[in-house]
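Take a look at the letters that make up each chain.
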Amino acid sequence: MRYAEGKDFVGFEVTSRLKLPEFSSTAVLVRIFNEENIRLTAMSRHTWEDEIVDFVIVDLAGTGKTPEYFVQKIQERFGGHLIDVRWAEAPAEGFIYDMFAFPLIARLGVDDVPVVIFPVTSLRSLIEGMIKEYGDQSFFILWELGFNIGSSYAEHWISAMKGKSMRNKLEAAVRTVQALGWCVVDSYDADFENDIYIFRVTHCLECEAAKHTTEQGCSLLSGIFTGIVSKLRNQAYKATEICCTRKGDEFCIFKVERSP
Ligand SMILES: [Zn+2]
């Protein structure tokens, strides 16, 4: 998504047949705009089985060129590789986004999962609002939300990594927590023998969001790690937060063990 005053943004979405190394759609697209001295404002691509979708945003202000001109150029250069090309003008002056892409997709290993992104400030309003409205109950709601998220990550990797070890699946699930932006997993220790799991994190999203509230402890991450371990081991666990950056500790540390 871009906004810049005075720009005449146009978005092009080009779908073509994936044929590497003879034909690289992305390289061809870059060349087409380079030849006209037009810089790409944004570029993204994704592959879908044997198709590739490139999306580019360019600023045509002052170039004297029309989108149709480029559509024709793309058709010529892509030839038989081209499946589809479409373009769209900025919906508001100077503002553009990838209007062809919905939903937003996160690639979770082998699967594409639809996702929605919202800023940490929204999470902050949500937490503040919940505490105001529900008091201590809100920590349980956050924990429950986290638990469901953690369980779903573990469930995903259990089915995607069939035949792999428990340690592998745990590793993938824990790293998914970081990949999707909940925190940085600094390190963790899985003691399968004694059934105790310690997770040490920095940049905890909830600490970031709730830093000015009276909320104590990290319910979301407690729930997420409990959900992961419970799903992987198919038993009930509980998490204790040993350290929290909001209390001045260097890390948020969670200890997950069997629920009595
Ligand atoms: Zn925290």
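Since the model is a prediction, treat every value here as computed from it, not as a measurement. (Residues numbered from 1 in each chain as written. Predicted model: local features only at pLDDT ≥ 70, side-chain atom pairs only at ≥ 80, totals over all residues. Heavy atoms only, no water.)

Draft legend 1. A look at the side chain of Lys73. By secondary structure assignment, the location of Lys73 is in helix α2 (residues 67–78). The class of Lys73 is buried, set by a relative accessible area of 11%. If near-sequence neighbours (up to four positions away) are discounted, Lys73 is found in contact with Ile32, Glu35 and Glu36. (Helix = DSSP H or I, 4+ residues; strand = E, 2+ residues; numbered from the N terminus. Buried < 20%, exposed > 50% of the residue type's maximum accessible area, 1.4 Å probe, protein only. Contact = heavy atoms within 4.5 Å.)

Draft legend 2. Spatial organisation of a negative patch on the surface. Residues Glu5, Asp8, Glu68, Glu89 and Glu93 make up a contiguous surface patch of negative charge. Following the sequence through the fold, Glu89 ends up in strand β5 (residues 82–89). (Patch = residues over 30% accessible without salt bridge, like charges linked within 9 Å, V, L, I, M, F, W, Y side chains within 5 Å. Areas by Shrake-Rupley, 256 points an atom, 1.4 Å probe, with all protein chains shown as cover. Salt bridge = Lys/Arg side-chain N within 4 Å of Asp/Glu carboxyl O. Lys, Arg positive; Asp, Glu negative; His and termini not counted. Charge placed at Lys NZ, Arg CZ, Asp CG, Glu CD.)

Draft legend 3. Seen up close, the coordination of the zinc ion. Surrounding the zinc ion are the protein donor atoms Cys204 (SG), Cys207 (SG), Cys218 (SG) and Cys252 (SG), at 2.0 to 2.5 Å. For the zinc ion, the four donor atoms in the first shell make angles of 95 to 120 degrees at the metal, a pattern classed as tetrahedral. One chain supplies every donor for the zinc ion, spaced along it as C-x2-C-x10-C-x33-C. Classification of Cys204 by relative accessible area gives buried; the value is 4%. Classification of Cys207 as buried rests on a relative accessible area of 6%. (Donors = N, O, S within 2.8 Å, 3.2 Å for Na, K, Ca; no water. Tetrahedral: all angles 85-135°; square planar, octahedral: opposite > 155°, others 65-115°.)

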